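Per-entry structural report
Take a look at the letters that make up each chain.
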Amino acid sequence: MPDDKYSPKDSEPKWVQYWESEKIFRFDPKSKSPIYSIDTPPPTVSGKMHIGHAFSYTQQDIVARYKRMRGFNVFYPFGTDDNGLPTERLVEKLKNVKGARMERQEFIRLCEDTLKEIRPGFVSDWKRIGMSCDFDLFYSTINEHCRRISQESFLELHKMGRAYRKDAPALWCPLCATAISQVECEDVEKSSTFNDIMFKVDGKDVIIATTRPEMLPACVAVFAHPDDERYKDMFGKKAKVPLFNHEVPILADARADPTKGTGIVMCCTFGDQTDIAWYLAFNLPLKKAIMPDGKMSELAGRYAGLKIADARKAILEDLKSEGLLVKQKAITHAVKVHERCQTEIEIINSKQWFIKFLDLREDMLRWGAELKWHPDFMRHRYDNWVKGLQWDWLISRQRFFGVPFPVWYCKKCDLPVFADKKKLPVDPLKDSPPAKKCACGSTEFLPEKDVLDTWATSSMTPQIVVQLAPKTLRKKLFPMSLRPQAHEIISFWLFNTLVKSRLHYGVNPWKDVALSGYVTDPLGEKMSKSKGNVVEPQVVLAKFSADAMRFWAGGSKLGEDIPYQEKELVAGDKFVTKLWNAAKFAFMHLECFKEGKVSEIMDKWILSRLSEVIEESTSAFDVYEFSRAKFIIERFFWNDFCDNYLELIKTRLYEPKKPEHKTSAQTALSIVLPALLKLMAPITPFITEELYHKYLHASEKKPSIHVCNWPEPPKKDKTTEEVGKIVVAILSAVRKKKSEMKLSMKSPVKKLVVECKNVEVSCDLNAAIEDLKATCCAEIVEFGKGKEEITTEVKITVEL
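Counting restarts for each chain: residues are numbered from 1 in the order of the written sequence. This being a predicted model, a pLDDT of at least 70 is required before a residue's local features are given, and a value of 80 or more before pairs of side-chain atoms are given or counted; all residues contribute to the totals for chains, interfaces and linings. Hydrogens and water molecules were not included; the side-chain quantities draw on all heavy atoms of the structure.

Below, the discussion takes up the side chain of Thr343. Strands are runs of DSSP state E lasting at least 2 residues, helices are runs of H or I lasting at least 4, and numbering of each runs from the N terminus. Mapping Thr343 onto the fold places it in the loop between β13 (325–338) and β14 (346–355). Exposed residues in this analysis have more than 50% of their type's maximum accessible area, buried residues have under 20%, and partly exposed residues fall in between, with area computed by a 1.4 Å probe over protein chains only. Judged by relative accessible area, which is 18%, Thr343 ranks as buried.

Below, the discussion takes up the state of the cysteines. Counting rule for disulfides: a pair of cysteine sulfur atoms within 2.5 Å. Taken as a whole, this structure holds zero disulfides when the rule is applied. Free cysteine Cys173: the closest other cysteine sulfur is in Cys341, separated by 3.5 Å. In this model Cys219 remains outside any disulfide bridge; the closest cysteine sulfur is found in Cys268, 4.6 Å from its own. Overall, the relative accessible area of 0% leaves Cys219 in the buried class.

Glancing now at the sheet that holds strand β19 (residues 416–418). DSSP bridges decide pairing: two strands pair if at least two such bridges lie between them. Taken together, three strands build an open sheet; the order of strands is β19-β18-β20 and the sheet is antiparallel. This sheet does not close on itself; its edge strands, each paired only once, are β19 and β20 (445–447). Sheet twist, expressed as the mean angle between neighbouring strand axes with direction ignored, is 35°. In the sheet, strand β18 (residues 407–410) pairs with β20 via three bridges, with the strands oriented antiparallel. Across the sheet, residue Tyr409 finds its bridge partner in β20, namely Leu446. Axis definition: a line fitted to C-alpha atoms, limited for helices to the stretch in contact. Angles are taken between N-to-C directions and run from 0 to 180 degrees.

With that out of the way, let us pick up the sheet that holds strand β15 (residues 372–374). In spatial order, the strands read β15-β23-β22; together these three strands make up an open sheet with parallel pairing. Strand pairing shows two members of the sheet lacking a second neighbour, β15 and β22 (480–486), which therefore form its edges. Between one strand and the next, the sheet's axes are offset by a mean angle of 20°, whatever the strand orientation. Two strands pair when backbone bridges link them, and β22 and strand β23 (residues 510–516) are joined in this way by six bridges, in the parallel orientation. Residue pairing for β23: Gln485 is matched across the bridge by Leu515. We call two residues contacting when some pair of their heavy atoms lies within 4.5 Å. Sheet strands touched by helix α13 (residues 490–505): β15, β22 and β23. Its angle to β22, the strand with the most contacts, is close to 160°.

Relative orientation of the contacting elements helix α8 (residues 361–370) and α13 amounts to 105°, with a least axis distance of 11 Å. Taken together, the axes of α8 and α13 are roughly perpendicular relative to one another. Residue-level contacts link Met364, Arg366, Trp367, Gly368 and Glu370 of α8 to Phe495, Leu498, Val499 and Arg502 of α13. Residue classes in the contact of α8 with α13 are distributed as five nonpolar, one polar and three charged. Geometric relationships in this document are graded by angle, where less than 35 degrees denotes roughly parallel, more than 145 denotes roughly antiparallel, 65 to 115 denotes roughly perpendicular, and other angles denote oblique. Note that Gly is not counted as nonpolar here; it falls among the polar residues with everything else outside the nonpolar set of Ala, Val, Leu, Ile, Met, Phe, Trp, Tyr, Cys and Pro and the charged set of Asp, Glu, Lys and Arg.

Bringing helix α16 (residues 566–588) into the picture now. Three or four residues apart is the spacing at which side chains of an α-helix point the same way, because the helix has 3.6 residues per turn. End to end, α16 covers 33 Å across 23 residues, agreeing with the expected 33 Å (1.5 Å per residue, within 8%). What α16 keeps buried is the set Leu569, Gly572, Asp573, Phe575, Val576, Leu579, Trp580, Ala582, Ala583, Phe585, Ala586 and Phe587. The secondary structure elements touched by the buried residues of α16 are α14 (537–543), α15 (546–553), α18 (626–654), α19 (659–680) and α20 (685–700). Multiplying one less than the number of residues by 1.5 Å gives the expected span of a helix.

Glancing now at the pairing of strand β9 (residues 219–224). Counting buried positions over the six residues of β9 gives six, a clear majority of the element. In this structure, β9 lies alongside strand β12 (residues 264–268), joined through five bridges in antiparallel fashion. Pairing of Ala224 across the sheet is with Ile264, part of β12. When β9 meets strand β11 (residues 247–252), the two strands line up parallel, connected through three bridges.

Glancing now at the confidence of the model for the protein. Overall, the prediction assigns the protein a mean pLDDT of 91, with 96% of residues at 70 or greater. The predictor reports its confidence for every residue as pLDDT, a score running from 0 up to 100. Ignoring residues within four places in sequence, the model shows residues 786–795, a span with pLDDT below 50, making 25 contacts including any to other chains.

Time to look at the packing of helix α17 (residues 601–622) against α18. Direction vectors running N to C along α17 and α18 enclose 170°, while the axes themselves pass 9 Å from each other. As summarised for this structure, α17 and α18 are arranged roughly antiparallel, according to the angle between their axes. For the contact of α17 with α18, the residue count by class is 16 nonpolar, two polar and seven charged.

The salt bridge criterion pairs a side-chain nitrogen of Lys or Arg with a carboxyl oxygen of Asp or Glu, the two atoms within 4 Å. Scanning all chains against the criterion turns up 47 salt bridges. In this structure, Lys127 engages Glu20 in a salt bridge whose closest nitrogen and oxygen atoms are separated by 2.8 Å. Highlighted residues: Lys127 in helix α4 (residues 104–128) and Glu20 in helix α1 (residues 8–21), separated in sequence by 107 residues. Taking the shortest distance from any N to any O, the salt bridge between Arg89 and Glu92 comes out at 3.4 Å. Of the two residues, Arg89 and Glu92 both sit in helix α3 (residues 85–95), three residues apart, roughly one turn of that helix. Owing to a relative accessible area of 32%, Arg89 belongs among the partly exposed residues under this scheme. Salt bridges sharing partners connect three or more residues here, namely Arg148, Glu152, Glu156 and Lys421.

With that settled, the discussion passes to the pairing of β18. Going residue by residue along β18, you find Val407 and Tyr409 tucked away on one face and Trp408 and Cys410 tucked away on the opposite face as well. Strand direction decides the pairing type here: β18 and β19, joined by three bridges, are antiparallel. Among the inter-strand pairings, Trp408 is bridged to a residue of β19, identified as Val417. Counting the residues in the hairpin turn of β18 and β19 gives five residues, including Asp414, whose phi is positive at 70°.

Now for unusual backbone geometry. Between His374 and Pro375 the backbone carries a cis peptide bond, its omega angle lying at 0°. Cis peptide bonds are those with omega within 30 degrees of zero, and the linkage from Phe478 to Pro479 qualifies with 0°. Secondary-structure assignment places Pro479 in the loop between α12 (474–477) and β22. Even without being a glycine, Asp414 presents a positive backbone phi close to 70°.

Its place among the elements puts Phe357 in the loop between β14 and α8. Along the primary structure Phe357 and Trp638 are separated by 281 residues, whereas in three dimensions their C-alpha atoms are 54 Å apart.

This part is about the side chain of Thr667. Within the secondary structure layout, Thr667 lies in helix α19. Ignoring anything within four residues of it in the chain, the contact list for Thr667 reads Phe593, Glu595, Gly596, Lys597 and Val598.

With that settled, consider the packing of aromatic side chains. Centres within 6.5 Å are what make two rings of Phe, Tyr or Trp a pair, Trp counting through its six-membered ring; a difference in plane orientation under 30 degrees is then read as stacked, over 60 as edge-to-face, and the rest as tilted. Under the defined criterion, the tally for this structure stands at 41 aromatic pairs. When the centroid spacing of 6.2 Å and the interplanar angle of 25° are considered together, the rings of Phe641 and Tyr645 count as stacked. With Phe641 and Tyr645 both in helix α18 and four residues apart, this pair spans about one turn of that helix. Under the relative-accessibility criterion, Phe641 is labelled buried at 0%. A relative accessible area of 0% means that Tyr645 is categorised as buried. Taken together, the aromatic side chains of Tyr57, Phe78, Phe122, Trp126, Phe135 and Phe138 make up a single cluster linked through ring pairs.

As structure tokens, then:
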């Protein structure tokens, strides 16, 4: 790379390798410095990083780099979330296989081998954007370390009566063929029809409206509100279900809404949460019309074997042909789908493992209130989630590649047998149970085939990472300092981790939470492959520097969704280039320089301004407002330093009237430029590292700018700041006036007359006359008395 030109393509990979080989970001277990610990989100191994990753991980890394420069011993591990359904789907795609058609252990081995192949390349994407993690503090949510902690958590929760197994209604994804938890559902608006269907009660017609006629074979009761006069005389009678002709009781319950449809509703096992409530409250029979594969069961008669959508269509056609479909109304309504595959969710009765926590809702709200939320309004999302909880946490999954439940069952009586905690992790499919004989006398045991929900493991990340550190430090590391994450997984990761921590340890797992937004396309639409609007950071980095991407991400507030716009990355690269050129200019004048006294007023002004910038940006960084810090630093760099100060001191640097005038400017430069590099180091780590090693390493001796001390603010001087404001206003006005006269700033003028109101020409302002004359190319500068105040619109008279 030539000395006169900066090449990010050459420089950035060089520093990634240097940071890793020199272990610049290593957590030091022997350090006496205060610890700042970060519960780094483990990205799901999905093949490659996406732009949302680059955005949110950059924001957390800005915090980590700042804290390190503030003197903290930063504990910043890195892990990957690589068990469960996403990994299975990836492996099936990459290897062109289907897990369900393979021998289970063979498929698990294939998943493990594939992860070993792709994980290094996946992690390298995070290194490429400048993540300053200690990558030696690494974990995978499927490795032995994580399996042990996850299984231990399950055993402890069972011991305290929180984990239980029950044959109960569970949310089910037919496509993924597994039970899922409430948090994995999302509401999607879909078009449908409200169908008025004719039931018979004592030979009379009763119209019931439904959007799901395919549930008719599973109808077990009909409900109306107890105060609904239309149906009071029917309570206790039987209704005949159309097409299927079985009779069901007509019951009264306040949960029936008289204003919805015809006010009378069928209860099927199971269409929704209300059906479950009625099923349990009235001890209704269980009828299974839909099988786990999403097809109709034998209960559906001639519709058996049909997919749900096909059965709905066929049943509606038959209802219509038999005169039982009275009316149809097109509607759009919210339908629950599995967030991973967008398949409509069913509720199927099956034996599953749950964690009991609905009884803790008031406690959950209190726990959330004890956290420091950044931004604060994100707490409302957490509170709303807690208040809307309807299910205990379903933690079992009917998948292959995941953390096994450490459980076996007696073949005769189904009594569970739990693993010995000292033997964890275990795999019941391979390992033998600790008991030789069940209490019932049986010696045969069956292994649990289900695996734990991936969030049941990810919710233990504070303990997963803390247990990577020496035992003597664990109390200092937990509770952790910060949980950074995207706001859309508050109900997934943050909530579950908080609950697990309170159940196991009685404390919140972190002090602060920092929540980033997500990236949209330029029109504000959320990015998705189906829309074709996804931007890959690998493509972006082929065109722009990583510093430019970080510059863009660092300009967004926490919690703020941001559109991807290339103009912001263009601005980032312009900043990088300008910083390179400004540093090159400054350090060219600092060769063989000996520090002296800052005697000139404009040198005192830039140092006073620097002091203000350091104080304001530090205060912003301290409360995770890095976008405000960036704005403050960037404005100072462009407006005060480059546009004005460097122009004002050029003549003194090249042609000083006295040696001390040049020394004063050099001394100020020797303070301002290193401070600027350090202030921007958390946001643009590559260019600042390059410039540090080029110009400052020999004098500062630290191996990296990122382990240097944060700059201390120089002494403030209000008088020089006022003079500086006036001088900058004059310069701006002169630029404007000369531009109007079609003159360059280098065009000489005999006299510059500055007319201003309520500004006395003090000796301090006169002290800047020589810099003004040189910068404006004016032989004489005079101050008159006009009618306008000194602003960027100040009236200037230029005499040629």
